[in-house]
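Here are the chains, one letter per residue:
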Amino acid sequence: MEKNYQKVKNYLLDLEYSIVAESEADGTFAISKEDEGIKNMVIACADPILIMEQPLFVLKQENVAVLKELLKKNREIVHGAFAIDEKNRVLFRDTLQIENLDLNELEGSLNSLSILLSEYGQQLVEFAK
């Protein structure tokens, strides 16, 4: 796991993300690049996969229309998808195979979130209300 952890860390630094917290023992990072909408994204090296989760907002009440729109948008997202956790937080989540992970693949997943936020951010703000 140490090898994969260091590989991911080097990729994140190459891509100029700020590592705001990390735990090699847990294989986790919290990263930010606020100019691209990424703040405190959690990245976990959980061999054999890399898990990326960016909390977006808390779903204050179950709203079928909002959930339906998020599911529709999932179809358009290049990498990753919307998910809801046990605390009713809506998040962006993506998983990648870690063994053969390369810089371009990680960058593509992170860019997918940035593009999503730039194109769909206002709608997400409305959903959060």
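In what follows, the structure referred to is the one given above.
The shown structure was predicted, so the numbers you read here are calculated from the model rather than taken from an experiment.

Caption draft 1: Spotlight on the nonpolar core. Counting residues in hydrophobic clusters, the biggest one holds 34 residues, and the most contacted among them are Leu50, Leu106 and Leu110. Contributions of two or more residues to this core are made by helix 1 (2-14), strand 2 (28-33), strand 3 (38-46), strand 4 (49-58), helix 2 (64-74), strand 6 (89-97) and helix 3 (103-128). Of the residues forming this core, the biggest block, nine residues, is contributed by helix 3. In contact with Leu110, other than residues within four places in its own chain, are Leu12, Leu15, Tyr17, Ile31, Ile38, Met41 and Met52.

Caption draft 2: Spatial organisation of the sheet that holds strand 4. Pairing in this open sheet of six strands is antiparallel, and the strands run 1-2-3-4-6-5 from one edge to the other. Either end of the sheet is taken by a strand with one partner, and the two such strands are strand 1 (18-23) and strand 5 (81-84). For this sheet, the mean angle separating the axes of adjacent strands, direction not counted, is 30 degrees. In terms of strand pairing, strand 5 meets strand 6 through four bridges, oriented antiparallel. Each residue of the ladder has a partner; that of Ala81, found in strand 6, is Arg93. Packed onto the sheet, helix 3 meets strand 2, strand 3, strand 4, strand 5 and strand 6 and runs at close to 15 degrees relative to strand 4.

Caption draft 3: Inspection of the pairing of strand 1 at higher detail. Of the strand pairs in this sheet, strand 1 and strand 2 are connected by five bridges, and their pairing is antiparallel. Looking across to strand 2, one finds that Glu22 is bridged to Phe29. Linkage of strand 1 to strand 2, two consecutive antiparallel strands, is achieved through a turn of four residues, within which Gly27 is found at a positive phi near 70 degrees.

Caption draft 4: Focus on the pattern of salt bridges. This structure, assessed with the given rule, holds seven salt bridges. Between Glu22 and Lys9 there is a salt bridge, and its shortest N-O distance comes to 3.2 Å. With Glu22 in strand 1 and Lys9 in helix 1, the pair connects residues that are 13 residues apart, well separated along the chain. Assessed through its relative accessible area of 40%, Glu22 is described here as partly exposed. Across the pair Lys72 and Glu69 runs a salt bridge whose closest N-O atoms are separated by 3.6 Å. With a gap of three residues between them, Lys72 and Glu69 both fall in helix 2, about one helical turn apart.

Caption draft 5: Quick look at the packing of aromatic side chains. On inspection of all chains with the given rule, the structure shows three aromatic pairs. Ring geometry for Phe82 versus Tyr120: centroids 6.1 Å apart, planes at 40 degrees, classification tilted. Pair noted here: Phe82 is in strand 5 and Tyr120 is in helix 3, with a separation of 38 residues, a long-range link. Given a relative accessible area of 10%, Phe82 falls into the buried group. Of the residues examined, Tyr120 reaches a relative accessible area of 11% and is grouped as buried. When the centroid spacing of 6.2 Å and the interplanar angle of 70 degrees are considered together, the rings of Tyr120 and Phe127 count as edge-to-face. Of the two residues, Tyr120 and Phe127, both sit in the buried class. Members of the aromatic cluster, each reached through a chain of ring pairs, are Phe82, Tyr120 and Phe127.

Parameters and conventions
Residues numbered from 1 in each chain as written. Predicted model: local features only at pLDDT ≥ 70, side-chain atom pairs only at ≥ 80, totals over all residues. Heavy atoms only, no water. Core = buried A, V, L, I, M, F, W, Y, C linked by side-chain atoms within 4.5 Å. Buried < 20%, exposed > 50% of the residue type's maximum accessible area, 1.4 Å probe, protein only. Helix = DSSP H or I, 4+ residues; strand = E, 2+ residues; numbered from the N terminus. Contact = heavy atoms within 4.5 Å. Pairing = 2+ DSSP bridges. Axes fitted to C-alpha atoms, helices over the stretch in contact; angles between N-to-C directions. Salt bridge = Lys/Arg side-chain N within 4 Å of Asp/Glu carboxyl O. Phe/Tyr/Trp six-rings, centres within 6.5 Å; stacked < 30°, edge-to-face > 60°.

By themselves, these figures tell us nothing about what the structure is for.
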